[in-house]
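Given next are the chains, with one letter for each unit.
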Amino acid sequence: MTAFRLLADIGGTNARFALQAPGDGCADIEVLACRDYEHVKDAIDAYLARAAARGHATDGIRHAAIAIANPVEGDMVSMTNHHWHFSIVALREACGLATLLVVNDFAALAQALPHLDARGRERIGGLDAAVVEERPLGLIGPGTGLGVSGVMPAGGGRWIALAGEGGHASFAPVTRTEMRLLDALWEEHGHVSAERLLSGPGLEAIHRVLAGERLAAADISARALDGSCAACRATVDAFCAILGSVAGNVALTLGATGGMYIGGGVVPRLGPLFHASAFRERFEGKGRLQPYLARIPTWLVTEPYPALRGVAALLDTATR
Ligand SMILES: Nc1ncnc2c1ncn2[C@@H]1O[C@H](COP(=O)(O)OP(=O)(O)OP(=O)(O)O)[C@@H](O)[C@H]1O
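First, a word on what this report is: a plain description of the structure on this page. Note that the coordinates shown come from a computational prediction; the quantities given were computed from them, not determined experimentally. (Residues numbered from 1 in each chain as written. Predicted model: local features only at pLDDT ≥ 70, side-chain atom pairs only at ≥ 80, totals over all residues. Heavy atoms only, no water.)

Comments concerning the pairing of strand β3 (residues 26–33)
Strand direction decides the pairing type here: strand β2 (residues 14–20) and β3, joined by six bridges, are antiparallel. By the bridge assignment, R16 is partnered in β3 with V31. Here β2 folds back onto β3 in antiparallel fashion, the turn holding five residues, of which G23 has a positive phi close to 85 degrees. (Pairing = 2+ DSSP bridges. Helix = DSSP H or I, 4+ residues; strand = E, 2+ residues; numbered from the N terminus.)

In structure tokens form, the structure reads like this:
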């Protein structure tokens, strides 16, 4: 019997784990809350114990890959939006693994984009072009933080994922309301990155400035969705418009003429409000370059665990 491989996608809030036999899809996916574990190894051990209790053979695991929400440079990994901090070599040895691949989570998600089918993505606007021509694809995803990435075609059906930190690029306001947001967040942070607005905490910050009220992101979107809070609706509308503007910047910067994808946990939770928003108008609203952007399709990633698929592809390459 072929041994399973362990896959993980670790964000600032959620750690998603799966087992995978080479060539197969993910099995036994489970989402754990990062805050419940002191160290990343505690979360791995907890997942493996639970998977074993569910009847999976977890003893022979030799290869693993982790997609994680921070830059990965060298051996030490330090999460941007959570306190986990570890050495890749020490973790590999402690887990008794032959291979432990650690990559940026949005680079892993980007790797999955060319392979998403109709069930894995929903078009928000622009042309309905399939990925027939090999053209760059862009990616932006608000979650606990803001991930930004893309994949470049490398010929012969191969794609190279980018591992940048574009969520930390400076926020550029477009409207007077956004000037107000920038002004207020300047006072708090000095440097105001796009992530300060385009993330779960960013949704809360927009609401704090525009409505003068502290509300959790989930409450803001729930009250906007059920129509009980006009100020919450205004917050969600501002968030979606800013996302359109920043997504347009990423598409222009990467030349993402194959399509621009929206990942992360926040946008799928906005439901119909995202479709009704100014996202697409603001995506295209770049003056003389509007016709260039009008041709680029924008897609919402609807596959539930796309980064796990991407990290599996990267592990295939690393263990080939
Ligand atoms: N119903 C909701 N509406 C809007 N935002 C929400 C809702 N529920 C949770 N969030 C926000 O989503 C964020 C978590 O997003 P996600 O599920 O993508 O987590 P993550 O993968 O751990 O994040 P990241 O990869 O960016 O570090 C949290 O900041 C939370 O406040």
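Structural notes on the state of the cysteines
Overall, the coordinates contain one disulfide when judged by the stated rule. Across the disulfide, C229 is cross-linked to C232 (sulfur-sulfur distance 2.4 Å). A torsion of 75 degrees about the S-S bond marks the disulfide between C229 and C232 as right-handed. Of the two residues examined, C229 and C232, each falls in the buried class. (Disulfide = S-S within 2.5 Å. Buried < 20%, exposed > 50% of the residue type's maximum accessible area, 1.4 Å probe, protein only.)

Concerning helix α1 (residues 40–53)
Spanning 14 residues, α1 covers 20 Å between terminal C-alpha atoms, matching the ideal 20 Å at 1.5 Å per step. For α1, the full list of buried residues reads V40, A43, I44, A46, Y47, L48 and A51. The first or second residue beyond α1 is G55, which carries a positive phi of 100 degrees. (Expected span 1.5 Å × (residues − 1).)

A look at the sheet that holds strand β10 (residues 146–155)
One open sheet accounts for six strands, arranged β8-β13-β12-β9-β10-β11; its pairing is mixed. In the strand order of this sheet, the two ends are held by β8 (121–125) and β11 (158–161), each with one partner. Looking at each pair of strands side by side, their axes are set apart by 25 degrees on average, direction ignored. Summarising the sheet, β10 and β11 pair through four bridges and their orientation is antiparallel. By the bridge assignment, V151 is partnered in β11 with A161. Against the sheet, helix α7 (residues 230–254) engages β9 (137–142), β10 and β12 (259–262), with an angle of about 150 degrees to β9. (Axes fitted to C-alpha atoms, helices over the stretch in contact; angles between N-to-C directions. Contact = heavy atoms within 4.5 Å.)

Function cannot be read off these values alone, since they describe shape.
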